[in-house]
Number of protein chains: 2
Amino acid sequence: MTASDWAEAALAAMREGGGLNAIAIEPIATRLGATKGSFYWHFANREALVEAALARWERLRTEEVAAAVGPEPDPRARIRELYHRVTRDAARDPTELALLAHADHPRVAAVIKRVTTHRLDCLSRLFRDLGLSETEARYRGLQAYSGYLGRAHLAHSVPDLLPHGEDDRRYLDSVIDSLIGTHRPDADSGAGTDTGAGSGKGPAPGRDP
Amino acid sequence: MTASDWAEAALAAMREGGGLNAIAIEPIATRLGATKGSFYWHFANREALVEAALARWERLRTEEVAAAVGPEPDPRARIRELYHRVTRDAARDPTELALLAHADHPRVAAVIKRVTTHRLDCLSRLFRDLGLSETEARYRGLQAYSGYLGRAHLAHSVPDLLPHGEDDRRYLDSVIDSLIGTHRPDADSGAGTDTGAGSGKGPAPGRDP
DNA sequence: GTATCCCCGTACGACGGCGTACGGACATGC
DNA sequence: GCATGTCCGTACGCCGTCGTACGGGGATAC
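Residues numbered from 1 in each chain as written. Chains lettered and ligands numbered in written order. Predicted model: local features only at pLDDT ≥ 70, side-chain atom pairs only at ≥ 80, totals over all residues. Heavy atoms only, no water.

### Quick word on the confidence of the model for chain A
Our working rule: One confidence number per residue, pLDDT, is output by the predictor and ranges from 0 to 100. When checking whether two residues touch, look at their non-hydrogen atoms; a contact exists if any pair is within 4.5 Å.
Residues with a pLDDT of 70 or more make up 86% of chain A, whose mean pLDDT is 84. Contacts from residues 183-209 of chain A, a stretch scored under 50 in pLDDT, to residues over four places away or in other chains number 31 contacts.

Written out as structure tokens, the structure reads:
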């Protein structure tokens, strides 16, 4: 039984509901088949466990971003891929939403700030790669990230109100189109084989005579 | 001392941090200068108080939407006004964010679902008034609402990462432009003196002859 | 004056969570 | 055999909160 085991168990407890309050020593000890005696050998107090769990979460999220944003060369496809991927994961892991709700906690606030800054930087860079100006790229990055957070919330708390299946795919395309301009009908990036038309109705029908 | 007083105090407690857990009988009693004796005369148990607070919150939010969406005739300006107004309030009242984090609570889930449905309907109607198709209007409504939720979170947990003052006004204009098409450069709403160009590069230049 | 009822304060028990004290099992070194 | 150090279980005190029991003030009716 190591400190890492406790940290992972704390994260698991958060994942399964209750937010930060789910990090309670005795319930987690029971879940691990251990007792408080073990815990207080590895940690000074509950706050230390919270901190360890937060550090672990931050590391996982950072690696996740790096993995998600890495391979794809085309910036347009990168944004698309990132949005799909990240929005799918967040729906079934309420940990991030729980942390957002505890932003008044100083440790949590610090973690959120670092993770958010990192993500926004990555997003802004993606938009810069699309040719947008510095401030415009930052605006788009903020807008994209706000949309991501909101979508994660909706997916978790009122999934019925979000489109499903194919409809959701079209919706996401519509959102992404409004973020990255619109995808040029001439230089369409292959991934979506067919219904690019559905999103083609986006905000910018004009543009090419 | 009425039941309403307790419900309002419960809401106030939530406003000031701690989310649903902030609705604790004894602290609220102290804050009201009363005791549990009074509470258990008006309510059966804590759950009843939570329910009363939720009902009160739902009523307030519903009236708020009605007031915010009512007067303005031009749909474009309505969206603008709504976005500005709602985004400003949400930043300094974490109650909604706290409720989102407790979406696993059945009562909370029901309230969130009703309020969200209502808001999305209003938003979709606004976009329909702009001439969008049914599904397109619903997509835009969802996108706008997701953006609102995300922005509220960012404003509360990492306000430093959001633009401030004039910059934020430009950012919001950029977001709204990408949602409602673009604001017509001929009918520019005066406030922004100069750099309206920054958002003018939005997704849809065409549309109006 | 007193009976009644509404409203509330006080005192109590129970529970769950934190943190501490202490002892004990077990391996290791010598 | 014995000492030492690591790791953990047990038992305890403490606190905050929920819910209940009970008593009492005070207004009103008559």
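### Details of the packing of helix 4 (residues 46-69) of chain A against helix 5 (residues 75-92) of chain A
Residues and elements named next belong to chain A. Rules: With axes taken as lines fitted to C-alpha atoms, and helix axes fitted only over the stretch in contact, angles between N-to-C directions fall between 0 and 180 degrees. Where helices and strands are cited, they refer to DSSP runs of H or I of at least four residues and of E of at least two residues respectively, numbered from the N terminus. If you view the pair so one helix is near and one far, a crossing is left-handed when the near helix is turned anticlockwise from the far one by less than a right angle, and right-handed when it is turned clockwise. Residues are sorted three ways: Asp, Glu, Lys and Arg are charged, Ala, Val, Leu, Ile, Met, Phe, Trp, Tyr, Cys and Pro are nonpolar, and all the rest, Gly among them, are polar.
The N-to-C vectors of helix 4 and helix 5 enclose an angle of 140°; their axes lie 9 Å apart at closest approach. Of the two possible hands of crossing, helix 4 and helix 5 adopt the one that is right-handed. In contact with Glu 64, Ala 67, Ala 68 and Val 69 of helix 4, helix 5 contributes Arg 78, Glu 81, Leu 82, Arg 85 and Asp 89. Here the contact of helix 4 with helix 5 is composed, by residue class, of four nonpolar, no polar and five charged.

### Structural notes on the protein's contact with DNA strand C
The condition that has to hold: Each residue is tested against the molecule or strand, and it is near if at least one of its non-hydrogen atoms lies within 4 Å. By the criterion applied in these results, polar contacts are pairs of N or O atoms within 3.5 Å in which, for protein atoms, one can donate a hydrogen and the other can accept it, and in which residues neighboring in sequence qualify only through two side-chain atoms.
In the vicinity of DNA strand C, 18 residues are found, and the nearest of them are Ile 25, Lys 36 and Arg 46 of chain A together with Thr 35 and His 42 of chain B. Contact between DNA strand C and Tyr 40 of chain A: a phosphate oxygen at 3.1 Å from a side-chain N or O atom of the residue. At a separation of 3.2 Å, a phosphate oxygen of DNA strand C approaches a polar side-chain atom of Trp 41 of chain B. Those elements that provide at least two residues to the surface near DNA strand C are helix 2 (25-32) and helix 3 (36-42) of chain A together with helix 3 (36-42) of chain B. The greatest single-element share of the surface near DNA strand C, amounting to five residues, is contributed by helix 3 of chain B. Counted by class, the surface near DNA strand C contains eight nonpolar, six polar and four charged residues.

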